[in-house]
Amino acid sequence: MKYIEKFMELAIELSIKNIEQGGGPFGAVIVKDGSLVATGTNLVTLSNDPTAHAEIVAIRNASKKLNTFNLAGCDIYSSCEPCPMCLSAIYWAHIDNLFYGNTKEDAKNINFDDYFIYKELELEPQNRRLKPEQHLREKAIIAFNKWSNKADKIEY
């Protein structure tokens, strides 16, 4: 229990310090075998990168440090329940465990509202606000066929 609290406190501390440095109120920490691997804070406005959420930044830093895209064996501690993008990235990174402080409802209460994304994902694509259009599948599928037939591909 103390182990979890130690890294949660660090994620929360990062979120508070990040506000003072001009960033958003989010922090994240990635740990492997009880040791700190990487940290991240919300850099969206500081870097003009809408994907630079704390969890994404921490995953990028951990992947670089460990020289791998597969973070199996790692845990992530976030000051807030991850948004849909960050949660997806956590799954893609194969992180073992997720611990968080604030809830998505807490985030909504300070105008970080991701509920519309959750609602959009429940809709059929043609009923979403952002209406996708498919074009040139017959050309795009060539890359998938090449990948499927590639003997030395690295699965992820």
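Structure's up top.
Computed from a predicted structure; not experimentally measured.

(A) Representation of the overall build of the protein chain. For the protein chain, the helix and strand inventory stands at seven helices and four strands. The order of helices and strands in the protein chain, counted from the N terminus, is α-β-β-α-α-β-α-β-α-α-α. With respect to the principal axes defined by its C-alpha atoms, the protein chain has extents near 55 × 40 × 30 Å. A buried classification covers 30% of the 156 residues belonging to the protein chain. Within the structure as shown, the protein chain displays about 10700 Å² of accessible surface, and the carbon and sulfur contribution to it stands at 55%. Distance from the positive charge centre (18 side chains) to the negative charge centre (21 side chains) of the protein chain: 7 Å.

(B) Structural context of the pairing of strand β2 (residues 35-41). As paired elements, strand β1 (residues 27-32) and β2 share six bridges and run antiparallel to each other. By the bridge assignment for β2, Ile-30 is matched with Ala-38. In this structure, the hairpin formed by β1 and β2 is closed by a connection of two residues, where Asp-33 is found at a positive phi of approximately 55 degrees.

(C) Here's a closer look at the sheet that holds strand β3 (residues 74-80). Reading across the sheet, the four strands line up as β2-β1-β3-β4 and stay open at both edges, with mixed pairing between neighbours. The strands lining the two open edges of the sheet, one partner per strand, are β2 and β4 (97-102). Averaged over all adjacent pairs, the angle separating strand axes in this sheet is 15 degrees, with direction ignored. Relative to β3, β1 runs antiparallel, the two being bridged by five bridges.

(D) Structural view of the nonpolar core. Residues Ile-30, Ile-59, Ala-62, Leu-71, Ile-76 and Ile-95 are the most contacted members of the largest nonpolar core, which totals 21 residues. Elements supplying a minimum of two residues to this core: β1, β2, α3 (54-66), β3 and α4 (84-92). For this core, the element with the highest residue contribution is α3, accounting for five residues. The residues touching Ile-30, leaving out its near neighbours within four places in the chain, are Ser-35, Leu-36, Val-37, Ala-38, Ala-58, Ile-59, Ala-62, Leu-71, Cys-74, Asp-75, Ile-76 and Ile-95. Phe-7, Met-8, Val-29 and Val-31 belong to the second-largest nonpolar core, a separate cluster that totals seven residues.

(E) Fine view of the packing of α3 against α4. Relative orientation of the contacting elements α3 and α4 amounts to 25 degrees, with a least axis distance of 8 Å. Looking at the two axes, α3 sits roughly parallel to α4. Handedness of the α3/α4 crossing: left-handed. Across the interface between the two elements, Glu-55, Ile-56 and Ile-59 of α3 pack against Met-85, Cys-86, Ala-89 and Ile-90 of α4.

(F) Fine view of the pattern of salt bridges. Under the defined criterion, the tally for this structure stands at three salt bridges. For the salt bridge of Lys-17 with Glu-13, the shortest nitrogen-to-oxygen distance reads 3.3 Å. Of the two residues, Lys-17 and Glu-13 are both situated in helix α1 (residues 2-20); the distance of four residues between them amounts to about one turn of the helix. Across the salt bridge formed by Lys-150 and Asp-152, the nearest N and O atoms sit 2.8 Å from each other.

(G) Up close: unusual backbone geometry. You will see that Asp-33, though not glycine, has its phi angle at about 55 degrees, which is positive. The topology assignment puts Asp-33 in the loop between β1 and β2. Residue class for Asp-33 comes out exposed when judged on its relative accessible area of 69%. Positive phi is not limited to glycine here, since Leu-136 has a value of about 55 degrees. One can find Leu-136 in the loop between α6 (115-122) and α7 (137-149). We classify Leu-136 as exposed; its relative accessible area is 52%.

Parameters at a glance
- Residues numbered from 1 in each chain as written.
- Predicted model: local features only at pLDDT ≥ 70, side-chain atom pairs only at ≥ 80, totals over all residues.
- Heavy atoms only, no water.
- Helix = DSSP H or I, 4+ residues; strand = E, 2+ residues; numbered from the N terminus.
- Buried < 20%, exposed > 50% of the residue type's maximum accessible area, 1.4 Å probe, protein only.
- Areas by Shrake-Rupley, 256 points an atom, 1.4 Å probe, with all protein chains shown as cover.
- Lys, Arg positive; Asp, Glu negative; His and termini not counted.
- Charge placed at Lys NZ, Arg CZ, Asp CG, Glu CD.
- Pairing = 2+ DSSP bridges.
- Axes fitted to C-alpha atoms, helices over the stretch in contact; angles between N-to-C directions.
- Core = buried A, V, L, I, M, F, W, Y, C linked by side-chain atoms within 4.5 Å.
- Contact = heavy atoms within 4.5 Å.
- Parallel < 35°, antiparallel > 145°, perpendicular 65-115°, else oblique.
- Left-handed = near helix turned anticlockwise from the far one by under 90°.
- Salt bridge = Lys/Arg side-chain N within 4 Å of Asp/Glu carboxyl O.

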